[in-house]
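# Structural features, examined
For reference, the chains in residue letters:
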Amino acid sequence: METNTITALLIEDDLDDALLIQRYLTGSPRVIYKVTHVDRLVDGLKILNSISFDVILLDLGLPDAPAGIKTFEKAYAHASSIPIIVLTGYDDDTIAVESVQKGAQDYIVKGQVTGSMLGRAIRYAIERRKLLVQLAQSTSEIKRLRGILPICANCKKIRDDQGYWTQVETYIRDNTGTEFSHGICPDCAEKLYPEYYKKDTEP
């Protein structure tokens, strides 16, 4: 069975909660979790400047940060490219919805979480972030293709962003991942192979 490794930054000031969360994660049979724990938001943001993580587990009740959603907003502004799962001791639907609307991947009440639930939330958060990144890239590529492209009036090659002329198929493949299968349309078949085309179409 394949084993994956996930690096997580846990920002949690309650030592008992932090130890419990780490115990949940180390008990996973399919994933190896490497957890870095800090108890202050400022320390977490500082670590993010030098270390890359797959996910951030963020408590909303840190002593050096404004309580509630403001803590998430501060962390998200610093690390919007990393999926953030909000951890809290309060079961508040309003904060939960607002957190997700503002970019959190999940909202977990610490007193209700289990090991399997936490592991699943982390894996789903990472996969959703990957899909969002892919979607953003695809949207950018579509916008680029919708723009005005320099094309040769004779051979139909396209000039790319670096100034090189490439075949239409090559340009579209490199920018969208689309693969082409080649054939001959009826009009071209009649022009290129009139003797065969007429025989095939005669009643």
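Residues numbered from 1 in each chain as written. Predicted model: local features only at pLDDT ≥ 70, side-chain atom pairs only at ≥ 80, totals over all residues. Heavy atoms only, no water.

### Remarks on the pattern of salt bridges
For clarity, the threshold we go by: The working definition used for a salt bridge is a side-chain nitrogen of Lys or Arg within 4 Å of a carboxyl oxygen of Asp or Glu. Burial classes: relative accessible area under 20% of the type maximum marks a residue as buried, over 50% as exposed, and values in between as partly exposed (1.4 Å probe, protein chains only). Where helices and strands are cited, they refer to DSSP runs of H or I of at least four residues and of E of at least two residues respectively, numbered from the N terminus.
Counted according to the given criterion, the structure contains nine salt bridges. In this structure, R40 and D39 form a salt bridge, with 3.7 Å as the shortest nitrogen-oxygen distance. Here R40 falls in the partly exposed class, since its relative accessible area comes to 30%. The partly exposed category is assigned to D39, whose relative accessible area is 33%. Among the ionic pairs, E127 bridges to K130, the shortest N-O distance being 3.6 Å. Here K130 and E127 lie together in helix α5 (residues 115-146), a separation of three residues that amounts to about one turn. A residue is classified by how much of its surface remains accessible, and E127, at 43% relative accessible area, is partly exposed. Within this structure, E12, D17, D59 and K110 form a network of salt bridges that share partners.

### Here we look at the layout of surface pockets
Cut-off, in case you're wondering: Two kinds of site are reported from a 1 Å grid over the protein atoms alone, namely cavities, where a 1.4 Å probe fits but cannot get out, and pockets, open sets with protein on both sides within 12 Å along at least five of seven lines, and residues are called lining when an atom falls within 4 Å of a point. Grid points are joined across faces, edges and corners, and a volume is the space filled by probe spheres set on the points. Charged means Asp, Glu, Lys or Arg here, nonpolar means Ala, Val, Leu, Ile, Met, Phe, Trp, Tyr, Cys or Pro, and polar covers whatever is left, Gly included.
The space that makes up the largest pocket amounts to roughly 180 Å³. Every residue lining the largest pocket is counted, 10 residues in all, and those nearest its centre are N4, I6, V31, R123 and E127. The set of elements that each furnish at least two residues to the lining of the largest pocket consists of β1 (4-11) and α5. Here the lining of the largest pocket gets four residues from one element, more than from any other, and that element is α5. Looking at the lining of the largest pocket, its residues break down into three nonpolar, one polar and six charged.

Just distances and angles here, no functional claims.
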